[in-house]
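# Inside the fold
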Amino acid sequence: MILVTGATGNVGSALLKELRACDAGPLRGLTRDAARAVFPEGVEAVEGDFADTASLKPALDGVRSLFLVSRLGSDAEILEAARQAGVEHVVLVSSITVQTHPHLGPAGENLAVERLLKDSGMAWTILRPTQFASNSLMWAASIREHETVRAPYVDTGLPTIHPADIASVARVALTEPGHYGRTYALTGPEPVTARQQAEAIAAVLGREVPFAEISREEAHARMAAVFGDEAADAVLDVMGGDVNDEILTVRDTVSQVTGSPARPFRQWAAENAAAFR
């Protein structure tokens, strides 16, 4: 039995499809509302809330492997519940900022979760993805309304990753031997700037997407209102305020692990064009 948390999210939903397609055995998807969850046929929808660790006990019953998105609840309690339930292997989604920006608060929090997992006694595989292609969904409302997309650091190119590539690596780690005790830094196949992302979305829509650069201060004010000051500063540093060779490096980990090349941003844009129409 494999339990996928974050099962309705960008990575979790793609992972369930891949696991089902490769006949990985019994599958469960964790959701807050099983009645509303839309999972592939044959996937058991189970309810649970990371804020209430006790609610996870039924979902963990009989589970051998766990796909875990970090920092959605008390990770110490979640990992202990998994250990007590007899989970043997955890594939954890962390962040590449653990190695590229270790001084940032969120990176330190992710590193702490990694250490908890390593000390848990369960086998582990850690995924450290870079910026998600799906982050550009934050522009969706503006693009649908034909408004100007505004972003900072518009010409800084990061090797943005398609969430399905994270899912593909997770699927291999969950179903094939040789991945226990491994940490994988994951990126897309090429650097792509915010300006280029907007151009790719415009191309699949067949119309212009107005685009303008804003200052860090303006971007911070917008982000802090949603995420708080510290998180906003951390995101802006990674986006372009404090870039370094490590965060800019394109890695071939996806192709090395899965045997398939990493998907470019333009593919993600084409697959998700409806969100911007």
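Above this text you will find the structure in question.
Residues numbered from 1 in each chain as written. Predicted model: local features only at pLDDT ≥ 70, side-chain atom pairs only at ≥ 80, totals over all residues. Heavy atoms only, no water.

## Side note on the overall build of the protein chain
Selection criterion: Helix numbering and strand numbering both begin at the N terminus, where a helix is a DSSP run of H or I of at least 4 residues and a strand a DSSP run of E of at least 2. Our radius of gyration looks at C-alpha atoms and nothing else; its globule reference is 2.2 Å times the residue count to the power 0.38. Exposure is judged per residue with a 1.4 Å probe applied to protein chains only, and the accessible area is read against the type maximum: over 50% gives exposed, under 20% gives buried, and values in between give partly exposed. Contacts between residues were defined by any pair of non-hydrogen atoms, one from each residue, lying within 4.5 Å. Note on areas: Shrake-Rupley with a 1.4 Å probe; residue coverage comes only from the protein chains shown. Only four residue types enter the charge count: Lys and Arg as positive, Asp and Glu as negative, with His and the chain ends excluded. In plain terms, the charge of a residue is placed at NZ if it is Lys, CZ if Arg, CG if Asp and CD if Glu.
The secondary structure content of the protein chain amounts to 13 helices and nine strands. Here the protein chain has a C-alpha radius of gyration of 19 Å; the compact-globule value for 277 residues is 19 Å, and the two agree. For the protein chain, the C-alpha atoms occupy an extent of roughly 50 × 40 × 35 Å along the three principal directions. Residues counted as buried form 49% of the 277 residues belonging to the protein chain. Here the contacts in the protein chain between residues at least 6 apart in sequence split such that 74% fall between residues at least 24 apart. Surface summary for the protein chain: the accessible area is close to 12600 Å², and the carbon and sulfur share equals 47%. The positive charge centre, built from 24 side chains, and the negative charge centre, built from 36, are 4 Å apart in the protein chain.

## Details of the layout of surface pockets
Note the cut-off: Note on definitions: the grid is 1 Å and covers protein atoms alone; a cavity is a set of points where a 1.4 Å probe fits but cannot get out; a pocket is an open set with protein on both sides within 12 Å along at least five of seven lines; lining residues have an atom within 4 Å of a point. Grid points are joined across faces, edges and corners, and a volume is the space filled by probe spheres set on the points. Classification used: nonpolar for Ala, Val, Leu, Ile, Met, Phe, Trp, Tyr, Cys and Pro, charged for Asp, Glu, Lys and Arg, polar for all others including Gly.
Its boundaries defined by the atoms lining it, the second largest pocket holds a volume of some 240 Å³. Considering the residues around the second largest pocket, the lining is formed by 14 residues, among which Asn-10, Ser-13, Ala-14, His-162 and Asn-272 are closest to the centre. Where the lining of the second largest pocket is concerned, the elements lending two or more residues are helix H1 (10-21), helix H7 (163-175) and helix H13 (265-271). Of the residues that constitute the lining of the second largest pocket, the class distribution is four nonpolar, six polar and four charged.

## Topic: the pairing of strand E5 (residues 89-93)
Using the following cut-off: Between any two strands, at least two bridges found by DSSP are needed for them to pair. Throughout, right-handed denotes a crossover for which the path from the first strand over the helix to the second runs clockwise when the strands point away from the viewer.
The buried fraction of E5 amounts to five of the five residues, a majority that puts the element mostly inside the structure. On E5, burial covers both faces: His-89, Val-91 and Val-93 on one face and Val-90 and Leu-92 on the other are all buried. As defined by bridge partners, strand E4 (residues 65-69) adjoins E5 across five bridges and the pair is classed as parallel. Pairing of Leu-66 across the sheet is with Val-90, part of E5. With respect to chirality, the unit in which E4 leads through helix H3 (residues 75-84) into the neighbouring parallel E5 is right-handed. Looking at chain direction, E5 and strand E6 (residues 123-129) are connected through five bridges and run parallel.

## A few points about empty space enclosed by the protein
One pass over the full model with this rule turns up one cavity of 30 Å³ or more. Taken as a whole, the largest cavity spans an internal volume of roughly 50 Å³. Where the lining of the largest cavity is concerned, the elements lending two or more residues are E4 and H3. Residue composition of the lining of the largest cavity, by class: nine nonpolar, one polar and no charged.

## What about the sheet that holds E4?
Spelled out, the test is: To define axes, lines are fitted to C-alpha atoms, for helices over the stretch in contact only, and angles between the resulting N-to-C directions are given on a 0 to 180 degree scale.
Pairing is parallel across the open sheet formed by seven strands, whose spatial order is E3-E2-E1-E4-E5-E6-E8. With partners counted over all chains shown, the strands left at the sheet margins are strand E3 (43-47) and strand E8 (182-186), one partner each. With direction set aside, neighbouring strand axes in the sheet form an average angle of 20°. Examined bridge by bridge, E6 and E8 share five bridges and lie parallel to one another. Across the sheet, the residue bridging to Leu-127 is Tyr-184, located in E8. In the packing of H7 onto the sheet, contacts are made with strand E1 (2-4), E4, E5, E6 and E8, and the angle to E6 comes to roughly 170°.

## Let's talk about the environment of Ser-168
Defined as follows: Throughout this description, a polar contact denotes any pair of N or O atoms lying within 3.5 Å of each other; where both atoms belong to protein, one of them has to be capable of donating a hydrogen while the other can accept it, and for residues adjacent in sequence the pair is counted only when both atoms sit in side chains.
Position of Ser-168 relative to the elements: it lies in helix H7. Filtering out sequence-adjacent residues up to four positions away, Ser-168 remains in contact with Glu-18, Thr-258 and Arg-263. In terms of polar contacts, Ser-168 uses its side chain to reach the side chain of Glu-18, at 2.5 Å.

## Quick notes on the packing of aromatic side chains
We count it as follows: Two aromatic rings from Phe, Tyr or Trp, using only the six-membered ring of Trp, form a pair when their centres are within 6.5 Å; if the ring planes differ by under 30 degrees the pair is stacked, by over 60 it is edge-to-face, and anything between is tilted.
One pass over the full model with this rule turns up three aromatic pairs. Plain terms: the ring middles of Phe-265 and Trp-268 are 5.6 Å apart, the flat faces sit at 35° to each other, and that makes the pair tilted. With a gap of three residues between them, Phe-265 and Trp-268 both fall in helix H13, about one helical turn apart. Summarising the burial analysis for this pair, Phe-265 and Trp-268 share the class buried. Relative to Phe-276, the ring of Trp-268 lies with its centre 6.1 Å away and its plane at 75°, an arrangement referred to as edge-to-face. In this structure Trp-268 comes out as buried when scored by relative accessible area, which is 3%.

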